[in-house]
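# Analysis of the macromolecular model
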Amino acid sequence: MAWNLHHGGVLTEPDFPPQPEAPPQRVVKIRRDYNNWVASETMEDYALRYTPQRFRKWSEWRVANTAFGAASFLVLEAVGATLLVQYGFVNAFWAILVTGLVIFLAGLPISVYASRYGVDMDLLTRGAGFGYIGSTITSLIYATFTFIFFALEAAIMAYALELALDIPPAWGYLICALVVVPLVTHGVSVISRLQVWTQPLWLLMLVVPFGFVLVRNPTAFTGITHYGGELGVGGVFDVHLFGAALTVGIALITQMGEQADYLRFMPAQTAQNRKRWWLCVLLGGPGWVVLGVAKMLGGALLAYLAITHSVPTDRAVDPNQMYLAAYEYVFSSLQWAVAATAVFVVMSQLKINVTNAYAGSLAWSNFFSRLTHSHPGRVVWVLFNTLIAFMLMEMNVFQALGDVLGLYSNIAIAWIMTVVADLVINKPLGLSPKGIEFKRAHLYDINPVGVGSMALGSLLARDNAQGPKKTHFPAKAKSVIYLFMAGGPSQLDMFEHKPELQKRNGQPIPESFTK
């Protein structure tokens with residue numbers, strides 16, 4: 001009021017300097033094109049949310065075939081061969097069978113819920129007792145699985161290129177990593193076509209060498225039941241060695257996550273497709289482990305065949321050497337046998353590594369979107385996962401296959417079995433929501449039920465792993481008699497000069513020493 005009166009009642013504004021105009025926002029064309037590209041769910045495949053019904057338009061058989069194609073991975077044969085060499089045939093045989101049974105039973109509820117609700121492994125974990133942040137932790141565990149197996153599978157493919165084309169492994173690793181990227185960037189649509197086109201030829205090339213070996217040399221595998229491996233245990237079952245072998249094989253249980261990532265595209269179950277729906281869920285879900293058990297046993301057989309052909313045991317666990325020994329029964333020419341082996345190995349590894357890279361991109365998308373609150377697109381995480389796998393290949397991770405899987409399995413089985421417990425126990429009893437509740441507003445950030453169970457299981461497995469170890473050679477002594485000799489000098493006292501000891505050398509022990 002005083003200011004108005006002073007200026008004669010005329011209201012004027014103070015003279016402020018003009019404000020600069022905001023510069024127009026510039027969006028680079030390549031950035032705009034990329035934003036449009038990753039905004040397409042054909043590219044993203046609903047990486048951060050559930051799959052809606054309108055996108056689940058493929059037939060049940062198409063989805064099941066895509067998921068079942070993941071069973072092509074040759075690490076199965078490598079695991080079977082490693083168990084044979086390290087623990088003997090009897091222990092490896094029973095460990096493989098139990099591994100298959102456990103994975104099948106655990107994989108069935110995971111497959112059913114993923115198909116029914118259209119959720120990937122991350123959302124399934126979130127709604128199965130882990131909470132919002134808890135499932136972020138398991139996404140990291142899952143992503144670790146994908147790049148470890150990506151590296152293992154690509155290393156096998158690189159060895160095939162070295163065998164057939166004499167390409168050095170360092171360059172082979174790079175080629176095998178990069179060739180997967182363009183197949184995965186366009187999501188499950190391209191992956192599905194790849195699996196459909198390659199499935200018949202792959203199955204034929206898988207079965208043919210076994211048939212030729214049995215026809216041309218019926219006694220090729222007769223001695224395997226007495227093969228004792230590096231420990232020389234023969235045909236004897238040993239519970240410690242069986243447990244150690246089972247620890248390695250059970251790490252494959254995380255493969256069920258990749259099956260769930262495909263089964264979320266399964267069309268809805270109706271009265272018309274009920275039988276077909278269940279059959280395809282079984283085939284594309286836990287059904288892969290039926291073929292997986294056969295492949296692990298086949299890997300043990302082929303490794304034994306390679307060993308009988310004077311291949312060293314450290315090379316006999318390489319699937320390239322296994323199938324080369326088998327294809328030599330198919331072709332009389334070594335060049336043709338090498339070519340067939342290389343074609344089969346490359347095709348097998350492409351079929352699985354598109355799955356590893358795809359599942360890894362989903363896991364990293366979920367992990368970093370919550371960690372950084374941004375999502376640059378699933379394609380970025382395809383490249384990121386591929387880079388990590390390439391680094392592991394350069395570190396020669398395949399040579400430590402047994403150690404890597406044994407360490408990883410402790411965490412993996414604790415996570416998967418916690419999810420299974422919620423699906424088959426808590427939900428039917430009404431202890432958790434009946435469906436898969438994955439909305440953050442309805443969940444704890446960290447649910448102590450799931451996360452706590454996983455942590456407890458991992459710690460118990462870790463403590464057991466640090467318990468008494470099996471010796472390299474069986475103990476021969478049944479009992480030990482310990483003699484304490486009074487007057488004998490301490491072992492530590494013998495390291496320095498003892499004049500008095502030299503003086504009394506050969507004399508009776510003084511009474512003061514024995515009283």
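As shown above, the structure is provided for reference.
Residues numbered from 1 in each chain as written. Predicted model: local features only at pLDDT ≥ 70, side-chain atom pairs only at ≥ 80, totals over all residues. Heavy atoms only, no water.

## Considerations on the packing of helix α6 (residues 89-117) against helix α11 (residues 239-249)
How two helices pack is summed up by the angle between their axes together with the distance between the axes. Between α6 and α11, the shortest axis-to-axis distance is 8 Å and the interhelical angle comes to 45 degrees. Compared by their axis directions, α6 and α11 come out oblique. Both α6 and α11 take part in a crossing whose hand is right-handed. Seen from α6, the contacting residues are N91, W94, A95, V98 and T99; seen from α11, they are L241, F242, A245, L246 and G249. Classifying every residue of the contact of α6 with α11 by side-chain character gives seven nonpolar, three polar and no charged. (Axes fitted to C-alpha atoms, helices over the stretch in contact; angles between N-to-C directions. Helix = DSSP H or I, 4+ residues; strand = E, 2+ residues; numbered from the N terminus. Parallel < 35°, antiparallel > 145°, perpendicular 65-115°, else oblique. Left-handed = near helix turned anticlockwise from the far one by under 90°. Contact = heavy atoms within 4.5 Å. Nonpolar A, V, L, I, M, F, W, Y, C, P; charged D, E, K, R; others polar.)

## Some details on the pattern of salt bridges
Per the stated rule, a full pass over the model turns up four salt bridges. The residue K295 makes a salt bridge to E77 at a minimum N-O spacing of 2.7 Å. A residue pair is termed long-range when its members are at least 10 positions apart, and K295 in helix α14 (residues 288-308) and E77 in helix α5 (residues 75-87) qualify at 218 residues. Since its relative accessible area comes to 4%, K295 is described here as buried. Residues D422 and K427 are paired through a salt bridge, measuring 3.4 Å at the closest nitrogen-oxygen approach. Assigned by exposure class, D422 and K427 land together as buried. (Salt bridge = Lys/Arg side-chain N within 4 Å of Asp/Glu carboxyl O. Buried < 20%, exposed > 50% of the residue type's maximum accessible area, 1.4 Å probe, protein only.)

## So, the packing of aromatic side chains
The geometry of an aromatic ring pair comes down to the distance between the two centres and the angle between the two planes. Scanning the model with the defined rule gives 25 aromatic pairs in all. Measuring from centroid to centroid gives 6.0 Å for W364 and F367, while their planes differ by 75 degrees, and the two rings are edge-to-face. Here the residue W364 and the residue F367 both occupy positions in helix α17 (residues 334-372), the gap between them amounting to three residues, near one helical turn. You can call W364 buried: its relative accessible area is 5%. Owing to a relative accessible area of 13%, F367 belongs among the buried residues under this scheme. Pairing F368 with W381 gives two aromatic rings, centres 4.5 Å apart and planes at 5 degrees, and the pair type is stacked. (Phe/Tyr/Trp six-rings, centres within 6.5 Å; stacked < 30°, edge-to-face > 60°.)

## Re the nonpolar core
One finds W288, Y323, F344 and W415 to be the most contacted residues of the largest nonpolar core, which totals 141 residues. No other element matches helix α7 (residues 121-165), which puts 23 residues into this core. For W415, the contacting residues outside a window of four places in its chain are M121, T125, F130, T138, I141, Y142, T254 and M454. (Core = buried A, V, L, I, M, F, W, Y, C linked by side-chain atoms within 4.5 Å.)

## Describing unusual backbone geometry
A positive phi angle, near 60 degrees, is found at D166, a position not held by glycine. Among the residues examined, D166 registers a relative accessible area of 64% and is labelled exposed. Even without being glycine, S310 reaches a positive phi, approximately 70 degrees. Inspection of the secondary structure puts S310 in the loop between α14 and α15 (313-316). With a relative accessible area of 68%, S310 lands in the exposed category.

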